[in-house]
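As a plain string of letters, each chain reads:
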Amino acid sequence: MTMHEGDEKTGGLPPEAGGILLDVARATITGALGLPAEFAAVPNWAQQPGATFVTLTGPQGLRGCIGSLQAYRPLGVDLRANALAAAFEDPRFPPLAVAEWSQVRVEVSLLSSLQRMHFASEESLLAQIHPHRHGLVLTYGSRRGTFLPQVWEELPQPREFLRALKRKAGLPADFWAGEMEVYWYTVEKWREEQMPGRKGNG
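From a predicted model like this one, the values you see are computed outputs, not experimental measurements. (Residues numbered from 1 in each chain as written. Predicted model: local features only at pLDDT ≥ 70, side-chain atom pairs only at ≥ 80, totals over all residues. Heavy atoms only, no water.)

> Any chance you could break down the overall build of the chain for me, citing the residues and the numbers?
Along the backbone of the chain there are 5 helices and 9 strands. Reading the chain from its N end, one meets helices and strands in the order β-α-β-β-α-α-β-β-α-β-β-α-β-β. Over its C-alpha trace the chain gives a radius of gyration of 17 Å, about what one expects of a compact globule, namely 17 Å for 202 residues. Within the chain, buried positions represent 45% of all 202 residues. Nonlocal contacts in the chain, meaning residues at least 24 apart in sequence, comprise 71% of its contacts between residues at least 6 apart. (Helix = DSSP H or I, 4+ residues; strand = E, 2+ residues; numbered from the N terminus. Rg over C-alpha atoms; globule rule 2.2 N^0.38 Å. Buried < 20%, exposed > 50% of the residue type's maximum accessible area, 1.4 Å probe, protein only. Contact = heavy atoms within 4.5 Å.)

> So what's going on with the nonpolar core? Residues and values would help.
Core analysis: the biggest nonpolar cluster contains 24 residues, and Leu21, Ile29, Leu56 and Val106 have the highest contact counts within it. Every element with two or more residues in this core is listed here: α1 (17-32), β2 (52-58), α2 (75-88) and β4 (105-111). Top contributing element to this core by residue count: α1, with 6 residues. Discounting chain neighbours no more than four positions away, the residues touching Leu56 are Ile29, Gly61, Leu62, Arg63, Gly64, Ala86, Ala87, Val104, Arg105 and Val106. Core analysis: the second largest hydrophobic core is formed by 20 residues, Met117, Leu125, Leu162 and Val182 among them. (Core = buried A, V, L, I, M, F, W, Y, C linked by side-chain atoms within 4.5 Å.)

> Would you mind going over the environment of Arg26 in detail, with residue names and values included?
Locating Arg26 in the fold gives a position in helix α1. Taking the C-alpha atoms as reference, Arg26 lies 8.5 Å from Ala37; in sequence the two are 11 residues apart.

> Would you mind going over the environment of Glu100 in detail, with residue names and values included?
Tracing the chain through its elements places Glu100 in helix α3 (residues 98-101). Once residues lying within four places of it in the same chain are set aside, the contact partners of Glu100 are Arg63 and Pro95.

> Account for α2, with residues named and values stated.
For α2, with 14 residues, the first-to-last C-alpha span of 20 Å sits near the 20 Å given by 1.5 Å per residue. Residues Leu75, Gly76, Asp78, Leu79, Asn82, Ala83, Ala85, Ala86 and Ala87 constitute the buried set of α2. (Expected span 1.5 Å × (residues − 1).)

> Any details on the packing of aromatic side chains? Residues and values, ideally.
If you walk through the whole model with that rule in mind, you get 4 aromatic pairs. Through pairs of rings, three or more aromatic residues link up here, namely Phe147, Trp152 and Phe161. Positioned over the ring face of Trp184 is Arg133, at 5.8 Å from the centre of the ring. (Phe/Tyr/Trp six-rings, centres within 6.5 Å; stacked < 30°, edge-to-face > 60°. Lys NZ or Arg CZ within 6 Å of the ring centre and 35° of its normal.)

> Can you lay out helix α5 (residues 158-168) for me, pointing to particular residues and giving the numbers?
Spacing of three or four residues puts side chains on the same side of an α-helix, whose turn is 3.6 residues. For α5, the set of buried residues is Phe161, Leu162, Ala164, Leu165 and Lys166. Looking at the buried positions of α5, the neighbouring elements they touch are α4 (122-128), β6 (135-140) and β7 (143-147).

> Mind laying out the pairing of strand β3 (residues 61-67), listing which residues take part and the relevant values?
Direction of pairing for β2 relative to β3: antiparallel, over a ladder of 6 bridges. In the strand pairing of β3, Leu56 is matched with Gly64. Taking the residues that link successive antiparallel strands as the turn, the β2-β3 hairpin has 2 residues. (Pairing = 2+ DSSP bridges.)

> Give a description of the pattern of salt bridges that names residues and reports values.
The tally for this structure, following the rule as stated, stands at 9 salt bridges. Of the charged contacts, one joins Glu181 and Arg116 as a salt bridge, the two residues approaching to 3.5 Å between their closest N and O atoms. Here Glu181 is found in strand β8 (residues 181-185), whereas its partner Arg116 is found in strand β5 (residues 115-116), with 65 residues between them in sequence. Take Arg116: its relative accessible area is 45%, and that puts it in the partly exposed class. (Salt bridge = Lys/Arg side-chain N within 4 Å of Asp/Glu carboxyl O.)

> Run through unusual backbone geometry, naming residues and quoting values.
Even without a glycine there, the phi angle at His132 is positive, about 70°. Inspection of the secondary structure puts His132 in the loop between α4 and β6.

> Which residues make up the confidence of the model for the chain, and what values do they have?
Looking at the chain, pLDDT values average 90 and 90% of them are 70 or higher. For the stretch residues 197-202, pLDDT sits under 50, and the model shows 7 contacts to residues farther than four places along the chain or on other chains. (pLDDT = per-residue confidence, 0-100.)

See below:
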């Protein structure tokens, strides 16, 4: 069973899309771990370009999160690549092990296109941010960081959200420069409601 959340349609996907995307992500990781996995045929809509993030959550919290900010390859290809990267290539965590996979919950986010924000000061930027709706990308030179809208659950205040995003991009929390660029996006997201193989409410 899956849970779906989203405010703006990002791709006009069919109602069953979320369950299929979650199944593809889980089967991709399961197969990479050398475990039996069932791979269904990729639907036509998953062959269109799409930008996804795959987030893995274990009993101790975040276990991996990797994704694409812009659609540059078929949705199904992007999803599989990011599922593998979240499981095995997130530099914050060791590669996922078979023993822990049954305790990991999968979440898939599908991103809208990026929209550049125009601002003359930090205050004018903060005034344009919609908490719990906007994900943000911040770039300055070669530095870049992004927070999905889900991060508002941990950082509900726009100013703290922005300060933490600057730190993620490798910049001081109070950094400001006219050359800094910020983009917003929205997501449709689906997550497994309970850990696989567990009964009850997870």
